[in-house]
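Listed below, chain by chain, are the residues.
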Amino acid sequence: MTTAPISVIVFDVNETLSDMSPMGARFAEVGAPPELAKLWFASLLRDGFALTASGDSRGFAEIGATVLRQLFAGIELDRPLDSAVEHVMGGMSELGVHPDVPGGIHGLAAAGFRLVTLSNGSARIAGKLLDDAGIRESFEALLSVEDAPAWKPARASYEYAATASGVDPARMMLVAVHPWDIHGAARAGLQTAWLNRTGGSYPDHFEAPNVTVTALTELPAALASTN
């Protein structure tokens, strides 16, 4: 089966573009175990997905702060709870991009692709991340589920991105590190690229990506051979 030529590349933000590993230090700085950072992010996504599945929605920061309060229960923090939550949540706006991101973005922009983001987080955080990395000008739009009917991986979120970009979903490609995001985009009719930096295996229960790369810098060449 042939696929339509790709016009717009849609990027997930959290973990795909942003390196979230420094969040562990934020937890440690308030007296909490640094390994809670991964549990916090997974729990945040779980609650966001649950709200989406039930037809509801809340903001990323609101859910994130609530989950932090739950995780911090019973932990002897080095500051008041509100201050600890504020400190950890503030870490999201201080993250940088993965080392492979600037080169990959510049290569895709030079190849003529239109680039946008689609994040379950805020457009403001995405904007600061890309500004700090010096690549904001390569993106024509920073889209967020703040303005969409639902969180990813609901179909409506990807359809929102297609409408905002003025292109058929079949001519869009989602790039993400999360298989659940790849699956959702594929079910909504987008082409997909799995960014597998860790060398992990792709879950059989999700729809397979069209392209798999181990670094974003590999994607321009991969698309040149297929697009």
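Here, the structure is the one placed above.
Everything numeric in this text was worked out from a predicted model, so none of it was measured. (Residues numbered from 1 in each chain as written. Predicted model: local features only at pLDDT ≥ 70, side-chain atom pairs only at ≥ 80, totals over all residues. Heavy atoms only, no water.)

Visitor: Describe the sheet that holds strand 1 (residues 8-11), and please don't skip the residues or the numbers.
Guide: Spatial ordering of the open sheet is given by 3-2-1-4-5-6, a layout of six strands whose pairing is parallel. Strand pairing shows two members of the sheet lacking a second neighbour, strand 3 (141-144) and strand 6 (211-213), which therefore form its edges. Taken pair by pair, the neighbouring strands of this sheet meet at an average axis angle of 25°, ignoring direction. Here strand 2 (residues 114-119) runs beside strand 3; their pairing, made up of four bridges, is parallel. Looking across to strand 3, one finds that Leu 118 is bridged to Leu 143. Each of strand 2 and strand 3 touches helix 6 (residues 123-133); the most contacted strand, strand 3, lies at about 145° to it. (Pairing = 2+ DSSP bridges. Helix = DSSP H or I, 4+ residues; strand = E, 2+ residues; numbered from the N terminus. Axes fitted to C-alpha atoms, helices over the stretch in contact; angles between N-to-C directions. Contact = heavy atoms within 4.5 Å.)

Visitor: So, the pattern of salt bridges: which residues are in play, and what are the values?
Guide: Overall, the coordinates contain nine salt bridges when judged by the stated rule. Across the salt bridge formed by Asp 78 and Arg 79, the nearest N and O atoms sit 2.9 Å from each other. The class of Arg 79 is partly exposed, set by a relative accessible area of 30%. Taken together, the shared-partner salt bridges in this structure form one network comprising Asp 12, Lys 152 and Asp 181. (Salt bridge = Lys/Arg side-chain N within 4 Å of Asp/Glu carboxyl O. Buried < 20%, exposed > 50% of the residue type's maximum accessible area, 1.4 Å probe, protein only.)

Visitor: Tell me about the packing of aromatic side chains, and please be specific about residues and values.
Guide: By the definition in use, this model includes eight aromatic pairs. Ring geometry for Phe 11 against Phe 139: centres 5.8 Å apart, planes inclined by 70°, an arrangement best described as edge-to-face. On the criterion of sequence distance, the pair formed by Phe 11 in strand 1 and Phe 139 in the loop between helix 6 and strand 3 is long-range, its members being 128 residues apart. Overall, Phe 11 belongs to the buried group, its relative accessible area being 0%. Given the relative accessible area of 3%, Phe 139 is considered buried. Among the aromatic residues, ring-to-ring pairing joins Phe 27, Trp 40, Phe 41, Phe 60, Phe 72 and Trp 151 into one connected group. (Phe/Tyr/Trp six-rings, centres within 6.5 Å; stacked < 30°, edge-to-face > 60°.)

Visitor: Help me get a handle on the packing of helix 2 (residues 36-53) against helix 3 (residues 60-72), residues and values and all.
Guide: Where helix 2 contacts helix 3, the two axes come as close as 9 Å, and the packing angle between them is 125°. Between helix 2 and helix 3, the angle falls in the class oblique. Remark: the crossing between helix 2 and helix 3 carries right-handed chirality. For the pair formed by helix 2 and helix 3, the contact residues are Leu 36, Leu 39, Trp 40, Phe 41, Ser 43, Leu 44, Asp 47, Gly 48 and Leu 51 on the first element and Phe 60, Ile 63, Gly 64, Val 67, Leu 68 and Leu 71 on the second. Residues belonging to the contact of helix 2 with helix 3 are distributed by class as follows: 11 nonpolar, three polar and one charged. (Parallel < 35°, antiparallel > 145°, perpendicular 65-115°, else oblique. Left-handed = near helix turned anticlockwise from the far one by under 90°. Nonpolar A, V, L, I, M, F, W, Y, C, P; charged D, E, K, R; others polar.)

Visitor: Can you break down the pairing of strand 2 residue by residue, with the values?
Guide: A regular strand places its side chains on the two faces of the sheet in alternate fashion. The element strand 2 is largely enclosed, with a buried count of five among its six residues. The sheet contact formed by strand 1 and strand 2 spans four bridges and is parallel. Within strand 2, the position partnered with Val 10 by the bridge is Val 116. Taking the sense of rotation as the criterion, the β-α-β connection linking strand 2, helix 6 and strand 3 turns out right-handed. (Right-handed = clockwise from strand over helix to strand, strands pointing away.)

Visitor: Can you break down the nonpolar core residue by residue, with the values?
Guide: Core analysis: the largest hydrophobic core is formed by 48 residues, its most contacted members being Met 23, Phe 27, Trp 40, Leu 68, Phe 72, Met 172 and Leu 174. Among the elements that make up this core, the one with the highest residue count is helix 3 (seven residues). By size, the runner-up hydrophobic cluster in this structure holds 28 residues, among which are Phe 11, Val 101, Ile 135 and Phe 139. (Core = buried A, V, L, I, M, F, W, Y, C linked by side-chain atoms within 4.5 Å.)

Visitor: Describe in detail helix 2, supporting the description with residues and values.
Guide: With 18 residues, helix 2 should cover 26 Å at 1.5 Å per step; its first-to-last C-alpha distance of 25 Å lies within 8% of that length. Listed as buried for helix 2 are Leu 36, Ala 37, Trp 40, Phe 41, Ser 43, Leu 44, Leu 45, Gly 48 and Thr 52. Where helix 2 is buried, its residues touch helix 1 (23-29), helix 3, helix 4 (81-90) and helix 8 (179-187). (Expected span 1.5 Å × (residues − 1).)

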